[in-house]
Amino acid sequence: MIVFMLLCFLYIYISVCIFLLYKKRVDAWCLNHVTSPTLPLLANCELSKMNPDTTTALIYDEEMTKYKLLWVDPACKIEVPERLTVSYEALVKTGLADRCVSVPVREATDEEILLVHSEEYLEAVKQTPYMTLEDLQMFTLQYGDVYFHPNIYHCAKLASGAALQLVDSVMTGKVRNGMALVRPPGHHSKRSAANGFCVFNNVSIAAKYAKQKYGVKRILIVDWDVHHGQGVQYCFEEDPSVLYFSWHRYEHQKFWPNLRESDYDSVGKAEGAGFNINVPWNKVGLENSDYLSVFFHVLLPVAYEFCPDLVFVCAGFDAAIGDPEGEMCATPDVFAHLTHLLMNLADGKVCAVLEGGYNLKSLPQSVCETVQTLLGDPLPRPANLKGPCKSALESLHCVRATHRKYWSCLKHADKLPSDELSTKPVKSAEGEAEEKTETEELVWPDPLKRISPNVRTAALVPEGVTCPEGCRLFCSSQEPEPNLIKQLQESSGLDTADAAALTSLSSLISLMDKVKKAEIRSGLALVPDVSIAMNCVVQHAASSSSSNRMLIVLLSEKMAKSCITEDGKTMLVQFSRRSLEAEMTKYYIPVCLKQGCSGVSGLIHAVLSLLLPLGYEFDPGLVLLVRAPDCRVSERAWQQLTGLLQGLAQGHTLVLMQESERSSVAPTVSSLLGTPAPSLGPLSALGSEDVEAPEKLRLKLQRHWKLLQTTVSENKCDDDG
Ligand code: Q9C
Ligand code: ZN
């Protein structure tokens, strides 16, 4: 009997183990097993987790922690195995790792490594596992700021292989996006040389591989590591199919790797001219506003014009606060926004690959912010943004001026001031070698928890209109209050007899309240008349005592200034073809577009370079997005707009559309649900009118809204330095 029970127990135990193992595999390679009979056993959430439209790959292997510096070298001592373990542990502890599909690493093959590196170099690195400590030290000497270890060759193959696995997962549609946590990093390594802790150039290899294996036509590489990824620059310098963007600590060439070619005037060579964008930082201590303004005024406009099919991020986190290398002051939550702003490009195909990041507190925080954003969680509020500092503005100005001849979105950028080249090496006045004060510990608040409301998106639609999948049909539970009805009657101008219309307006108000109270993340309402509905919502918001700011984004030809009270609680940005400039105030911003909202390039450009900076600086608690039937916006541009606005107000957006536009409900809901907006295709070159008008507006508004600045302003704002 006892033996029998033991056998039973053993049998159950083994079955459970097999099941768990199998489940893990299913998690990783779910799509091959969709028809598997085991699937119905999995809970619903498991199924949704395996939906390739919403999944995020996480690629990590402990093996990559198994090498370290074996001798004394102050330049290399920060590159430690703990960088990877603390990052991964943070993802596990926060439950983020569990929400990702874990994809195994593999070794990159010789052939793949040779896509970027020379045979001689590969052969040399191949010898390192057999070298003695002395040999390794000697071997290391020929390269700059890097160390070798008997196991680093193996890890370097895994790091590149991890990037390739990520490309495969994203390109085959197994996942939407993903992150690879790797060591050694890659972006400094050159065709025939290790450099800056990097052995093989992981992202460059992955980009070449994506071109070769999947025929990807245009690739964007965003290098937000605080160092210049000169290896990536060299690799694609002449290649117009790969747009490389890097910002980096430069200090007029005084900072490592001290290269002349890291400055803003290295734009690429031959065919590739214009496809290399360097933003040199000449001061330390830069903040979130500095980074975001470069996104709004350089990277995003150019990226949308370029229209990549695939996006890589050289995701180093040494540009975050507390990092001993970067000495910058951007907080970890800024990476949530940087990530989000890229997620509507390339149909959402974003592959982030770890590079640097040496503060063991801010690194894991930044990694978590990035992964959580890839997973689609609500963004943190972009609080307390101000304008970029003077030095950042100088860099921004130089980059825009240098690239104006390559990109139509920059063609009205201010020209380079002939006297003030940021390139010229600046002599440090008070003698060399300013001693670093390494002693004082920087502190910053822990990033806030990013909690998703239980309901992602709710729709208020008239009877007969089907509610799209993934969206909750909104039914107001309470009877409308007589007081509210009275107020609505006043603001709508409707007759008391119009009971049905008033009830539906009161449902709209209760939907807005639920979105405001974060019981629902976002909402959409199909209404008989958008102007009336908008009026009601705005009046109601104004009458309620909450201090919640509201951003109204209006696509309409009908002037709507009367909504705005100038008390700072409401900002209205209106897009139309009407020139309402004379009406402009700090909080009523009419953007005149030559082709109205129907011109895709013009609208997108205005959204990126005007609406986003305004919205980020205003930092609303709710976004009201209103689409009048006369606006003729293209569906895709509308989805981009909707998607990009999710970075504000923690995704609390309420969309108003006219009943006649029911065919737009599904695409709108899709964007509210976080599905990347479909790519717009390479945008047609912007006409002068498309750039000139927003540019004029920007100049007028920049004294109120500092995030609109792109040059060290003539109207002398006493900014810091
Ligand atoms: N303090 C990466 O972040 N050392 N590599 C510079 C100056 C080299 C950084 C020394 C830093 C390499 C991937
Ligand atoms: Zn770095």
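Note that the structure is predicted; figures quoted are calculated from it, not measured.

1. Topic: the packing of aromatic side chains
Part 1 of the argument: Tallied over the full model, the rule gives 25 aromatic pairs.
Part 2 of the argument: Taken together, a centroid distance of 6.2 Å and an interplanar angle of 85° make the contact between Tyr-121 and Phe-200 edge-to-face. On the criterion of sequence distance, the pair formed by Tyr-121 in helix 6 (residues 119-126) and Phe-200 in the loop between strand 3 (177-180) and helix 9 (202-214) is long-range, its members being 79 residues apart. There is no split in this pair, since Tyr-121 and Phe-200 are both buried.
Part 3 of the argument: On the basis of an interplanar angle of 45° and a centroid distance of 5.9 Å, the ring pair of Trp-247 and Trp-281 is categorised as tilted. Of the two residues, Trp-247 is situated in strand 5 (residues 242-249) and Trp-281 in strand 6 (residues 276-281); the sequence distance between them amounts to 34 residues.
Part 4 of the argument: Judged by its relative accessible area of 0%, Trp-247 falls in the buried class.

2. Observations regarding the packing of helix 18 (residues 600-618) against helix 21 (residues 688-701)
Part 1 of the argument: The contact between helix 18 and helix 21 brings their axes to 10 Å, and the two run at 20°. Judged by the inter-axis angle, helix 18 sits roughly parallel to helix 21. Every pair of crossing elements has a handedness; the one defined by helix 18 and helix 21 is right-handed. Counting all contacts with helix 18, which are made through Gly-602, His-605, Ser-609 and Leu-610, the residues of helix 21 involved are Asp-690, Val-691, Pro-694, Leu-697 and Arg-698.
Part 2 of the argument: For the contact of helix 18 with helix 21, a count of residues per class yields four nonpolar, three polar and two charged.

3. Here's the deal with the coordination of the zinc ion (ligand 2)
Part 1 of the argument: Distances from the zinc ion (ligand 2) to its protein donors, Asp-225 (OD), Asp-225 (OD), His-227 (ND1) and Asp-318 (OD), fall at 2.0 to 2.6 Å.
Part 2 of the argument: Mapped onto the sequence, the donors of the zinc ion (ligand 2) take the spacing D-x1-H-x90-D. In this pair, Asp-225 is assigned in the loop between strand 4 (219-223) and helix 10 (230-236) and Asp-318 in the loop between strand 7 (310-315) and helix 12 (334-342), connecting sequence segments 93 residues apart.
Part 3 of the argument: Using a relative accessible area of 1% as the deciding quantity, one classes Asp-225 as buried.

4. Examining the sheet that holds strand 9 (residues 455-460)
Part 1 of the argument: Overall, parallel pairing links the eight strands, which are arranged 10-9-11-16-15-12-13-14 in an open sheet. Each edge of the open sheet is held by one strand with a lone partner, namely strand 10 (472-473) and strand 14 (588-592).
Part 2 of the argument: Here five bridges tie strand 11 (residues 520-527) to strand 16 (residues 653-658), and the two strands are oriented parallel to one another. Paired with Leu-526 across the bridge in strand 16 is Met-657.
Part 3 of the argument: Packing against the sheet, helix 17 (residues 530-543) makes contact with strand 11, strand 12 (550-555), strand 15 (622-627) and strand 16, and its axis sits at approximately 165° to strand 15.
Part 4 of the argument: In the packing of helix 19 (residues 635-645) onto the sheet, the strands contacted are strand 12, strand 15 and strand 16, and the crossing angle to strand 15 comes to about 170°.

5. Regarding the packing of helix 15 (residues 482-492) against helix 17
Two quantities define a packed helix pair, namely the angle between the helix axes and the distance between the axes.
Part 1 of the argument: Axis separation between helix 15 and helix 17 bottoms out at 9 Å; the angle between their running directions is 125°. Relative to helix 17, the element helix 15 is oriented oblique. Remark: the crossing between helix 15 and helix 17 carries right-handed chirality. Taken together, the residues of helix 17 that come into contact with helix 15 (itself represented by Leu-484, Gln-487, Leu-488, Ser-491 and Ser-492) are Ile-532, Asn-535, Cys-536, Gln-539, His-540 and Ser-543.
Part 2 of the argument: Of the residues in the contact of helix 15 with helix 17, the class split is four nonpolar, seven polar and no charged.

6. Considering the nonpolar core
Part 1 of the argument: One finds Ile-221, Trp-224, Trp-247 and Phe-575 to be the most contacted residues of the largest nonpolar core, which totals 228 residues.
Part 2 of the argument: Here Trp-247 is in contact with Asp-223, Trp-224, Asp-225, Val-226, His-227, Val-279, Trp-281, Tyr-291, Val-294, Phe-295, Ala-319 and Leu-338, once residues within four sequence places are set aside.

7. Quick notes on the pairing of strand 5
Part 1 of the argument: The element strand 5 is extensively covered by neighbouring structure, given that eight of its eight residues are classed as buried.
Part 2 of the argument: Here five bridges tie strand 4 to strand 5, and the two strands are oriented parallel to one another. Each residue of the ladder has a partner; that of Asp-223, found in strand 5, is Ser-246.
Part 3 of the argument: Each parallel crossover has a hand, and for strand 4 linked through helix 10 to strand 5 it is right-handed.

8. A short note on the pattern of salt bridges
Part 1 of the argument: For the structure on display, the rule yields 27 salt bridges.
Part 2 of the argument: Between Asp-377 and Arg-99 there is a salt bridge, with the nearest N and O atoms lying 2.9 Å from each other. Of this pair, Asp-377 sits in the loop between helix 13 (362-374) and helix 14 (390-403) while Arg-99 sits in helix 4 (residues 96-99), and the two are 278 residues apart along the sequence.
Part 3 of the argument: Note on Asp-377: relative accessible area 7%, which makes it buried.
Part 4 of the argument: With relative accessibility at 35%, the residue Arg-99 sits in the partly exposed group.
Part 5 of the argument: Several salt bridges converge on common partners, so that one network encompasses Glu-79, Arg-83 and Arg-183.

9. Let's talk about the confidence of the model for the protein chain
Part 1 of the argument: Of all residues in the protein chain, 89% have pLDDT values of 70 or greater, and the mean over the chain is 90.
Part 2 of the argument: Throughout residues 715-721 the model reports pLDDT below 50, and contacts reaching past four residues in sequence, or to other chains, amount to 12 contacts.

10. What to know about the sheet that holds strand 1 (residues 56-59)
Part 1 of the argument: An order of 2-1-3-8-7-4-5-6 is seen for the eight strands of this open sheet, with the pairing classed as parallel. Edge positions in the open sheet fall to strand 2 (101-103) and strand 6, since each of these has one partner strand only. Averaged over all neighbouring strand pairs, the angle between strand axes comes to 15°, with direction disregarded.
Part 2 of the argument: Helix 11 (residues 288-306) contacts strand 4, strand 5 and strand 6 of the sheet and is inclined by roughly 170° relative to strand 5.
Part 3 of the argument: Contacting strand 1, strand 3 and strand 8 (350-354), helix 13 runs over the sheet at an angle of about 160° to strand 3.

Calculation criteria
Numbering of residues starts from 1 in each chain and follows the order in which that chain's sequence is written. Written order decides the labels, with chains lettered from A and ligands numbered from 1. Where local features are concerned, this predicted model is filtered to residues with pLDDT of at least 70; where side-chain atom pairs are given and counted, the filter is 80 or more; whole-chain, interface and lining totals use all residues. No hydrogens and no water enter the side-chain calculation; it runs on all heavy atoms of the structure. In this analysis, rings of Phe, Tyr and Trp, with Trp reduced to its six-membered ring, are considered paired at centre separations within 6.5 Å, and the interplanar angle assigns stacked below 30 degrees, edge-to-face beyond 60, and tilted for intermediate values. Segments assigned H or I by DSSP are reported as helices when at least four residues long, segments assigned E as strands when at least two residues long, and all are numbered from the N terminus. Residue exposure (1.4 Å probe, protein chains only): buried if accessible area is under 20% of the type maximum, exposed if over 50%, otherwise partly exposed. Helix axes use the C-alpha atoms of the stretch in contact, all axes being lines fitted to C-alpha atoms, and the angles between their N-to-C directions lie in the range 0 to 180 degrees. Angles are sorted into four bins: roughly parallel if under 35 degrees, roughly antiparallel if over 145, roughly perpendicular if 65 to 115, and oblique for all others. By definition, turning the near helix anticlockwise from the far helix through less than a right angle yields a left-handed crossing, and turning it clockwise yields a right-handed one. Any two residues having at least one pair of non-hydrogen atoms within 4.5 Å are treated as being in contact. Residue polarity is assigned by list, with Asp, Glu, Lys and Arg as charged and Ala, Val, Leu, Ile, Met, Phe, Trp, Tyr, Cys and Pro as nonpolar; anything else, Gly included, falls into the polar class. Metal sites are built from N, O and S donor atoms within 2.8 Å, or 3.2 Å for Na, K and Ca, and they leave out water, so they may look incomplete. Here the rule is simple: two strands pair whenever DSSP picks up at least two bridges between them. In plain words, nonpolar cores are sets of buried Ala, Val, Leu, Ile, Met, Phe, Trp, Tyr and Cys residues tied together by side-chain atoms within 4.5 Å. Note on handedness: a clockwise path from strand one over the helix to strand two, with the strands aimed away from the viewer, defines a right-handed crossover. For this analysis, a salt bridge means a side-chain nitrogen from Lys or Arg found within 4 Å of a carboxyl oxygen belonging to Asp or Glu. For every residue, the predictor reports its confidence as pLDDT, a number between 0 and 100.

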